[in-house]
Each structure stands twice: as C-alpha cells, then as structure tokens.
Amino acid sequence: MSNLMSVSSLNTKIKSLLEATFMHILVEGEVASVTYHTSGHLYFSIKDDKSAIKCVMWRSSVARMKFRIEKGMHVVVEGSVSVYTPRGEYQFQTVKIEPYGQGALALAFEQLKEKLKSKGYFDAQYKKQIPKLVRKIALVTAKESAALHDMLKVIEKRWPLVEVIVVDTLVQGETAAKQIAHSLKYADGLGVDVVIVGRGGGSTEDLWAFNEEVVADAIYEMKTPVVSAVGHEVDVLISDYVADLRAPTPSAAIEMILPDQNELLYLLDEYMDRFHRQLGQNIEKKAQQLQHLEYSLLQTSPSRKLQALETAFERLENEYHRTLFYKFSQFEASLPLLKEQFRQSMTLLLNKKAQQAEYMYEKLLLNDPRRQCKDGWARVSKGGKSVTLEKIGPEEKFILEDAYATLEAVCLSVDCKESSF
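Residues numbered from 1 in each chain as written. Predicted model: local features only at pLDDT ≥ 70, side-chain atom pairs only at ≥ 80, totals over all residues. Heavy atoms only, no water.

### Section: the environment of Glu110
Filter applied, for reference: Strands are runs of DSSP state E lasting at least 2 residues, helices are runs of H or I lasting at least 4, and numbering of each runs from the N terminus.
Looking at the element boundaries, Glu110 is found in helix H3 (residues 104-118). Separated by 43 residues in sequence, Glu110 and Phe67 place their C-alpha atoms 9.1 Å apart.

Right, dumping it as structure tokens:
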C-alpha cells in the first residue's frame, strides 16, 4: 500500500506536472463556445475533429484584445494548462488569442468596419460638405509632430489667410483613442469651418488609435465637417471611412480643402483680362446701339416731325395758293357771262315778283273788310262777342263797329220783327 494516495494529493501532483510541462504553449483549434462574462472574464472552448478543451482568459488579458472571438472562428491561443484541484478539472489559461493565418489587428479592423457599416457610419447621406471657402480650421494632432509642421508649412504656402487652431492630442498609445475622441469633441465646439484629424505614417500598431470605435463615434457625432488624414496613402483606417473626407496624407488634406493663392492670382488675372475684353465689347456694342437709338430718335423726334409737318404745310399752302389763283382766273374769265346771266335772272325774277305783288295787292283789296261792308251796316257785339240785335235788352250797352268807326251805345227799347222764313 505504499503507492496509496489521497485524491487531493493526486490532483496536486497532476497540477504540478501539467502546469510545469505545458507552460507558454500555442494551441490551434476552432472556437466551440464563447461566453463574455459580466465580470470581464472570457470563457470559451476550442476543438478539433477529435476532442475539445476548455479555456479561460482573465479580464486583464481580455482588455488588451483588439477583436472579439466568435463561435466557429479558427484561432491560435497562447497560454498554459492549469488544474483546479478541488474538482480535479484542468483548463487552458489563455493570455493571448490570434486569428489563424490572420493578424489580430486585421481581424479587429474588419469586425469594427462591419459593425460601423451596419450602423450607417459610412453612408454617403450622412457626409457633410466641405466649405468651398475655409476661413477657420482646427488641426487635431500632436503639437510637436512632423505632420503638424508639414500642414502648417502647406497652409503658409497655399492660403495664409486662414485662421488655424491647433488642438494638441496624443496620436499613439493605449490612451490615444480616448484623447483623440475628446479633442474632436472640443474642436467641434470651436466654430471652425472644418476639422482635420491625423498624424504621420507608422506601423499598424502606431496608427491603431484611429481604428478605435470611440474615435469613430466622435467623428460620426460631430456637427463640423471632418477630414481624416492619417499615415500615408496606402494606410486606410476606420477614421477614413467615417470622416466626411479622406486625405492620403496630412499635407494632402490641406491641399484638398484650401485654395492655392498663386492659382487664384492667375485666375484673377485671367478674369480681369476676360472682364476688360468683355467690357470693351459691351461698350462698343452699347455705342452702336446708342447711335442706332440716336438715329431713330432723330427720325421720330417731335422737332423732326414738326419740320416735316411744316414742309408739308408749306407744300399744301403753295398748292392752295396755286389752286385758288387758278380758280380765281377761271372765275374772272367767266365773270362777264355770270354778270349777264345774273342780270337776266334778276330781271326775270323781279318781273315775276312784281306780277305776284300786283296780284297779291288786288287780292288784298278784294279781301279788305272795309270793302265787304255795305253802307248802313255795322257789326254788333256785346262783351267782346258778336251778337244779333234781338239778343240786346233794354238799358244794355253794346258796340257798333263798321269799317271806319266804333260806337258804344245803350238800348232804349227793343222791337223784334217776325221772321218771314
């Protein structure tokens, strides 16, 4: 019974043997299950076609991971075998995980890219327009960096009129992403026309801060247009996808958003030449139009119309005088004949009128009331009306009137005679 051991003793020996034998090894396999615990620890298992092994990664190691593992992912884990003696169970205590055949950073980049794309961070409809005329600009980068020096140099050369605000920030290291995000939010409140965020070239690890989700969120939430200018032209980062404009280098960013003062001067000279040519053509054209209008005005002016009327009046007056003279000449030639015809007509008319007057006189004499009244007869009237004598009573006044006299009489008596008819 000399080989008799307790369970605890056996598990302790196994723990010592396994942990001493399998230290800092690499294991390849497919992720069979994954649990990100609320404590921050990661519990998962990997397998091949014959067996599986449980794995654990403590919170401190999980925090350094750039990507998330998922079920079915082919990975390489680094760590050691550990044994939990109270239950006699062993597991693989992981300190690092890498995608099989692919770098961790490359996988993390693709995972975050797909996540942000699904959230609409890259959609063109959310891209803000860069102003054509930039008066004020914020540069979010390291204050002593070569990238800042290059950008300021290009600004001085191209468009020194722009106002520049430098927002100093870390652009490399574990805390750089949070500082960049904070600096972007600060720059968004400065009232500038555009913000450029970036740095010079470097390795993937050096540029990684611009691949962090916190930086992408800050760029997406900004109200000011953002230009991402990180690394060299071959470097493409998450900030490039989210920003409103991607520049291949920091210097190129300045060239893309600021005009070249020399080009503008040349352009102004060309515009001035074109303006002078156009102005001369317009003046010449207007002068021709003015001459035409002046001629038209002279043709239609009141003075010209008055002159034309005067000329027409003189012509009509002369024509009138000629016609009148001609008529007078004709009348003068025919005047003796007209006088003779007039005399004959007047003689004939006077003879005729004399005969008519003699006839009328005789007729007047025939109709003279004095000739119609016989001697001894008179007209009797009373009250202005003719009456017979039998209508007059005693003591009544009446009027007797013949062709030569009028008498007022009073009836003394009445003696009526019987009619013989």
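Read on for the rest.
### With respect to the packing of helix H5 (residues 176-188) against helix H6 (residues 213-221)
Where we set the bar: Only the contacting stretch of a helix is used when fitting its axis, a line to C-alpha atoms as for every element, and angles between N-to-C directions run 0 to 180 degrees. Angles are sorted into four bins: roughly parallel if under 35 degrees, roughly antiparallel if over 145, roughly perpendicular if 65 to 115, and oblique for all others. Any two residues having at least one pair of non-hydrogen atoms within 4.5 Å are treated as being in contact. Note on residue categories: nonpolar means Ala, Val, Leu, Ile, Met, Phe, Trp, Tyr, Cys or Pro, charged means Asp, Glu, Lys or Arg, and polar means any other residue, Gly included.
Direction vectors running N to C along H5 and H6 enclose 10°, while the axes themselves pass 8 Å from each other. What the angle tells us is that H5 and H6 run roughly parallel. Residues Ala177, Lys178, Ile180, Ala181, Leu184, Lys185 and Asp188 of H5 form the contact with H6, whose own contacting residues are Val214, Val215, Ala218, Ile219 and Glu221. Residues belonging to the contact of H5 with H6 are distributed by class as follows: 8 nonpolar, no polar and 4 charged.

### What to know about the confidence of the model for the protein chain
A low pLDDT means the predicted coordinates there should not be read in detail. So the rule is basically this: Scored from 0 to 100, pLDDT reflects the predictor's confidence in each residue.
Here the protein chain averages 87 in pLDDT, while 96% of its residues score no lower than 70. Mean pLDDT across the secondary structure elements of the protein chain bottoms out at helix H11 (residues 369-372), with 60, and peaks at strand E6 (residues 136-141), with 97.

### Let's talk about the pattern of salt bridges
Keep this limit in mind: When a carboxyl oxygen of Asp or Glu is within 4 Å of a side-chain nitrogen of Lys or Arg, the pair counts as a salt bridge. Each residue is assigned to one of three classes by its accessible area relative to the maximum for its type, calculated with a 1.4 Å probe on protein chains only: buried under 20%, partly exposed between the two thresholds, exposed over 50%.
Using the criterion set out here, one finds 12 salt bridges in the structure. The closest approach of N and O atoms between Glu212 and Lys66, which form a salt bridge, is 3.6 Å. With Glu212 in the loop between strand E8 (194-199) and H6 and Lys66 in the loop between helix H2 (59-62) and strand E4 (74-84), the pair connects residues that are 146 residues apart, well separated along the chain. With a relative accessible area of 40%, Lys66 lands in the partly exposed category.

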